[in-house]
Amino acid sequence: MKINGNFQNMEKNYLFAEVAARSAAYAKAHPEKKLLRMGIGDVSGPLPAAVVKAMKDACDEMATKEDFRGYGPYEGYDFLREAISGYYASLGVTVDVSEIYVNDGAKSDAGNIGDLFDRDNLCLIPDPVYPVYVDSNLMAGRPVEYLRACPENGFLPLPQMDTKADLIYICSPNNPTGAVYDREGLKAWVDFANRRGALILFDAAYEAFISDPALPRSIYEIDGARTCAVEMCTLSKLAGFTGVRCGYTVFPKELERGGEQLGALWLRRQSTKFNGVSYPVQRGAAAAFSKEGLAQAMAGIAYYKENAAIMAETIGSFTRYWGGANSPYIWLECPGKRKSWEYFDYLLNEKQIVATPGAGFGPGGEGFLRLTAFGDREDVLEAMDRIAR
Ligand code: PLP
């Protein structure tokens with residue numbers, strides 16, 4: 001028996017596990033100090049009332065012989081797929097119900113989608129970015145090339161004459177930088193992918209934070225995307241589902257490679273390895289897309305965005321920062337040219353603030369730090385007060 005040797009190509013710890021370990025060690029050594037957590041991108045809730053009611057009602061249904069449900073469809077219940085399709089329609093995008101595959105969150109699909117692809121595909125992955133894309137491809141033994149995002153390109157790299165790629169990951173709004181592609185930028189990637197027969201894996205996890213109508217919230221707003229792009233999304237950030245778990249991935253019908261429809265391959269994969277999302281959770285997710293549920297969810301997002309605006313004001317007074325306006329993240333340059341983990345330790349030890357070191361999102365993140373706006377207002381105000389002092 002041999003283990004998967006590819007694990008040696010990865011960092012020993014998952015970034016957020018390392019952040020959690022260091023802050024837990026600090027908390028244990030200094031139980032009297034109040035830690036303010038602005039590290040992991042977890043929401044602070046609560047769930048929209050419409051979601052809670054729908055989940056409770058679904059549990060009541062499950063308590064009766066007539067309405068009890070066992071294993072559900074691998075691609076998700078139609079009532080939820082229809083609600084998601086309706087949400088796309090509200091963005092001016094046509095996505096058919098049959099093109100939507102419900103999952104337990106975008107991390108699962110971002111990590112598992114590689115099952116569809118040959119090991120020799122070259123992956124082009126922005127740097128810095130959400131670590132799951134790099135780690136899952138390294139785990140599978142796939143070659144990874146970084147696409148450098150930096151202040152000079154506004155953290156929004158575009159294809160160049162010599163760019164090579166089979167699989168292209170795009171995260172917009174980007175985690176961690178908060179940068180959002182405009183239509184021209186995404187069009188450049190769509191045209192590139194269609195010309196090369198490459199595939200874009202578009203992560204729209206933070207689309208609901210985009211308030212500028214000039215910025216696209218779905219890659220399918222771009223002409224030509226249906227023949228080259230898969231879109232992954234989640235209710236985690238839209239409706240506070242990080243502890244509830246539900247998301248979805250879109251495979252347009254036109255999306256074919258090697259004579260196979262990718263959506264059909266994905267269903268084959270899911271029916272083998274995925275048990276679906278529980279019925280009450282899917283009912284809750286569908287309620288999040290109802291008029292009432294969306295209004296409640298968007299009120300939660302407005303609260304986080306107000307946090308981001310408060311943070312941006314303080315951070316901007318002493319260093320350069322990006323993000324905030326259309327995302328829940330503030331991406332800042334560590335003052336005094338400090339390295340990411342050095343500044344992380346400084347904030348932890350001197351200010352009792354837990355951030356996320358930029359270097360954990362890829363080599364291009366060195367010298368930067370990410371703060372999240374997902375916390376309680378009082379904590380945000382206290383953290384900014386501590387930083388200002
Ligand atoms: N994609 C991005 C860019 C994220 O930042 C995250 C979580 O932070 C996810 C996906 C995972 O979301 P989920 O909770 O749906 O797995």
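Conventions used here
Residues numbered from 1 in each chain as written. Predicted model: local features only at pLDDT ≥ 70, side-chain atom pairs only at ≥ 80, totals over all residues. Heavy atoms only, no water. Helix = DSSP H or I, 4+ residues; strand = E, 2+ residues; numbered from the N terminus. Rg over C-alpha atoms; globule rule 2.2 N^0.38 Å. Buried < 20%, exposed > 50% of the residue type's maximum accessible area, 1.4 Å probe, protein only. Areas by Shrake-Rupley, 256 points an atom, 1.4 Å probe, with all protein chains shown as cover. Core = buried A, V, L, I, M, F, W, Y, C linked by side-chain atoms within 4.5 Å. Domains from an automatic or database assignment. Contact = heavy atoms within 4.5 Å. Near = heavy atom within 4 Å. Polar contact = N/O pair within 3.5 Å; in protein donor to acceptor, adjacent residues only side chain to side chain. Nonpolar A, V, L, I, M, F, W, Y, C, P; charged D, E, K, R; others polar. Pairing = 2+ DSSP bridges. Axes fitted to C-alpha atoms, helices over the stretch in contact; angles between N-to-C directions.

**Structural notes on the overall build of the protein chain**
Right, on to step 1. Helices and strands together make up the secondary structure of the protein chain, namely 12 helices and 15 strands.
Right, on to step 2. In terms of overall size, the protein chain behaves like a compact globule, its C-alpha atoms giving a radius of gyration of 21 Å where 389 residues would be expected to give roughly 21 Å.
Right, on to step 3. C-alpha atoms of the protein chain, sized along the principal axes, occupy 60 × 55 × 55 Å.
Right, on to step 4. Counting only residues that meet the buried cut, the protein chain has 54% of its 389 residues in that class.
Right, on to step 5. If you sum the accessible surface of the protein chain, you get close to 17200 Å²; carbon and sulfur atoms cover 52% of it.

**Digging into the nonpolar core**
Right, on to step 1. With 64 residues, the main nonpolar core has Ile 168 and Ile 200 as its most contacted residues.
Right, on to step 2. When residues of this core are assigned to their parent elements, the largest contribution, 6 residues, is made by helix H3 (residues 78–90).
Right, on to step 3. There are two domains that each give this core at least three residues, and those are domain 1 (5–47 + 292–388) and domain 2 (50–290).
Right, on to step 4. The residues contacting Ile 200, other than those within four sequence positions of it, are Ile 168, Ile 170, Trp 189, Val 190, Ala 193, Ile 219, Cys 228, Ala 229 and Val 230.
Right, on to step 5. Residues Leu 15, Ile 353, Phe 368 and Ala 373 belong to the second largest nonpolar core, which totals 36 residues.

**Some words on the site of the ligand**
Right, on to step 1. Taken together, 14 residues sit near the ligand, with Asn 175, Asp 203, Tyr 206, Thr 234 and Ser 236 positioned nearest.
Right, on to step 2. Here an oxygen atom of the ligand sits 2.6 Å away from a polar atom, N or O, in the side chain of Thr 234.
Right, on to step 3. Between the ligand and Arg 245 there is a distance of 2.9 Å, counted from an oxygen atom to a side-chain nitrogen or oxygen.
Right, on to step 4. Those elements that place two or more of their residues in the shell around the ligand are helix H4 (106–112) and helix H7 (236–239).
Right, on to step 5. Across the shell around the ligand, the residue classes tally to 6 nonpolar, 4 polar and 4 charged.

**Some remarks on the sheet that holds strand S11 (residues 321–323)**
Right, on to step 1. Taken together, the 4 strands give an open sheet; going across it, the order is S11-S12-S15-S14, and neighbouring strands pair in antiparallel fashion. The open sheet terminates on both sides in strands that have one partner only, identified here as S11 and strand S14 (356–357).
Right, on to step 2. The pairing of strand S12 (residues 329–333) with strand S15 (residues 368–372) spans 5 bridges and is antiparallel. Along S15, the bridge assignment pairs Glu 333 with Phe 368.
Right, on to step 3. Helix H11 (residues 340–351) rests against S12, S14 and S15 of the sheet, and its axis sits at about 45 degrees to S15.

**Looking at the side chain of Asn 326**
Right, on to step 1. Among the secondary structure elements, Asn 326 is positioned in the loop between S11 and S12.
Right, on to step 2. A distance of 2.9 Å separates a polar atom in the side chain of Asn 326 from the backbone nitrogen of Ser 211.
Right, on to step 3. At 3.2 Å, the side chain of Asn 326 and the backbone nitrogen of Asp 212 are in polar contact.
Right, on to step 4. Residue contacts for Asn 326: discarding those within four places in its chain leaves Pro 173, Val 180, Phe 209, Ile 210, Ser 211, Asp 212, Leu 215 and Lys 305.

From the geometry alone we can't say anything about function, so treat these as descriptive.
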